[in-house]
Amino acid sequence: MADKRCENGHFIDESWDLCPYCPADSAEAEIPIVRPARFGANDSLSGSRGHAASAAPASGVRRSDSNLAEVVKPVERTIAVARPLDPNAQPKRYVVGWLVGVNGNCRGESYAVRMGRNVLGRDRRSDVVINDDQASSHHADLVFRPEERRFILMDHNSTNGTYVNEDEIEPRRDLATNDIIRVGSHKYLFLPLCREGFYWDDEGALK
C-alpha cells in the first residue's frame, strides 16, 4: 500500500520522486515531438528544435544514399540513316517476260523471266525449277539482251535436249511471242514483256 503523499495529496510509492498524477511543471523543458514530413512538403518539424523538411528532388536529379545530387543523363535515341548506294552493286534484274506452264504439274503456273541470264533446270537454285526426271540440273539458259531486245534460249549440253515448237535447238534459238518451250515432258508458253517500243531503261522507267 502507498505510504507517501505528494505535495498535492496524491498517494504514491515512497520510491517515486515525482507524482504521476500532478500536472507537469511549466519550468520543465518541453520534449520536442518529431513527425515525419511528407515527400515534397515544406512542413516544419514540431518543437523548438525542429528543422524544415527536405524538399523533393528536382526533375532530372536523383538522391543517392550519401545525399549527393546525381544528374540523370537523358536517354539517347537511335536514328535510322539510309545507307548510301553502293556504286559496285549489281543492277536490279527487272522482269522482262514470263514462262507459263501449259501441261503437267506446272500447268497454269507463271515464272518470271528477268533481265540477263535465267537458268532452267532441275536444280532447286534454278530461276525456273523443272521437276522432271528428263531435265538436267542445269538444262538451258534463257537470256535477254536489252541492247538488242532479243530473247535467246540456249541448251546447256543437256542429255535430252531443249525444244521450241517441237524443234530441237542446236545449240540456241531466238524466241518469239507464244513460242512453246519443252524441257523433258514439261511445256511452257513464252510471253515477252520487253519488245520493240516497250522496255526498261537504265533508270528502271518503262518506255
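In this text the structure is predicted, and so the values were computed from the model without any measurement. (Residues numbered from 1 in each chain as written. Predicted model: local features only at pLDDT ≥ 70, side-chain atom pairs only at ≥ 80, totals over all residues. Heavy atoms only, no water.)

**Structural notes on the overall build of the protein**
Within the protein one finds zero helices and 15 strands. Across the 207 residues of the protein, 26% fall into the buried class. Sequence separation of at least 24 residues holds for 28% of the intrachain contacts in the protein that already meet a minimum separation of 6. Counting only carbon and sulfur atoms, one obtains 48% of the accessible surface of the protein, whose full area is about 15,700 Å². (Helix = DSSP H or I, 4+ residues; strand = E, 2+ residues; numbered from the N terminus. Buried < 20%, exposed > 50% of the residue type's maximum accessible area, 1.4 Å probe, protein only. Contact = heavy atoms within 4.5 Å. Areas by Shrake-Rupley, 256 points an atom, 1.4 Å probe, with all protein chains shown as cover.)

**Quick word on the side chain of N118**
Note that N118 resides in strand β7 (residues 116-121). Relative accessible area serves as the criterion here: at 2%, N118 is assigned to the buried category. Filtering out sequence-adjacent residues up to four positions away, N118 remains in contact with R93, A112, V113, D127, A140, D141 and L142.

**What to know about the environment of R124**
Counting through the fold element by element, R124 comes out in the loop between β7 and β8 (128-129). Given a relative accessible area of 65%, R124 falls into the exposed group. With 13 residues separating them in the primary sequence, R124 and S137 have C-alpha atoms 8.5 Å apart. For R124, the contacting residues outside a window of four places in its chain are V129 and N131.

**Focus on the packing of aromatic side chains**
Throughout the structure, instances matching the rule amount to three aromatic pairs. Ring geometry for F144 against F151: centres 4.6 Å apart, planes inclined by 40 degrees, an arrangement best described as tilted. A centroid spacing of 5.0 Å and a plane angle of 65 degrees characterise the contact between F151 and F190, whose relative ring orientation is edge-to-face. Residue F151 is found in strand β10 (residues 150-155), and its partner F190 is found in strand β15 (residues 186-192); the two are separated by 39 residues along the sequence. The pair formed by F151 and F190 is uniform in burial state, with each residue classed as buried. (Phe/Tyr/Trp six-rings, centres within 6.5 Å; stacked < 30°, edge-to-face > 60°.)

**Focus on the sheet that holds strand β11 (residues 162-164)**
Reading across from one edge, β6-β5-β15-β14-β11-β12 is the order of the six strands in this open sheet, with antiparallel pairing throughout. Either end of the sheet is taken by a strand with one partner, and the two such strands are β6 (110-114) and β12 (167-168). (Pairing = 2+ DSSP bridges.)

**Quick word on the nonpolar core**
Considering soluble globular proteins, one finds that nonpolar side chains tend to be buried as a cluster. By size, the foremost hydrophobic cluster in this structure holds 22 residues, and its most contacted members are L99, I130, L142, F151, L153, L175 and I181. Those elements giving two or more residues to this core turn out to be β5 (95-101), β6, β9 (140-145), β10, β14 (180-183) and β15. Among residues more than four places away in sequence, those in contact with L99 are E109, S110, Y111, V113, L120, V128, L142, I181, Y188, L189 and F190. (Core = buried A, V, L, I, M, F, W, Y, C linked by side-chain atoms within 4.5 Å.)

**A look at the pattern of salt bridges**
Between side chains of opposite charge, a pair can form as their charged atoms come close. Applying the stated criterion to the full structure yields eight salt bridges. As a salt-bridge pair, D141 and R117 come within 4.0 Å of each other at their nearest N and O atoms. Placement of the pair is D141 in strand β9 and R117 in strand β7, with a sequence separation of 24 residues. (Salt bridge = Lys/Arg side-chain N within 4 Å of Asp/Glu carboxyl O.)

**Some details on the sheet that holds β9**
If you walk across this open sheet you meet the five strands as β8-β7-β9-β10-β13, and the pairing is mixed. In the strand order of this sheet, the two ends are held by β8 and β13 (172-174), each with one partner. Where β10 and β13 come together, three bridges link them in antiparallel fashion. Residue pairing in the sheet places M154 in a bridge with R172 of β13.

**Looking at the pairing of β10**
For a regular strand, side chains alternate in direction, first toward one face of the sheet and then toward the other. Of all the six residues making up β10, five are buried; the element is thus mostly covered by neighbouring parts of the structure. Two strands pair when backbone bridges link them, and β9 and β10 are joined in this way by six bridges, in the antiparallel orientation. Residue pairing across strands places V143 opposite I152, the latter belonging to β10. Two successive antiparallel strands, β9 and β10, enclose a turn made up of four residues, where R149 displays a positive phi of approximately 55 degrees.

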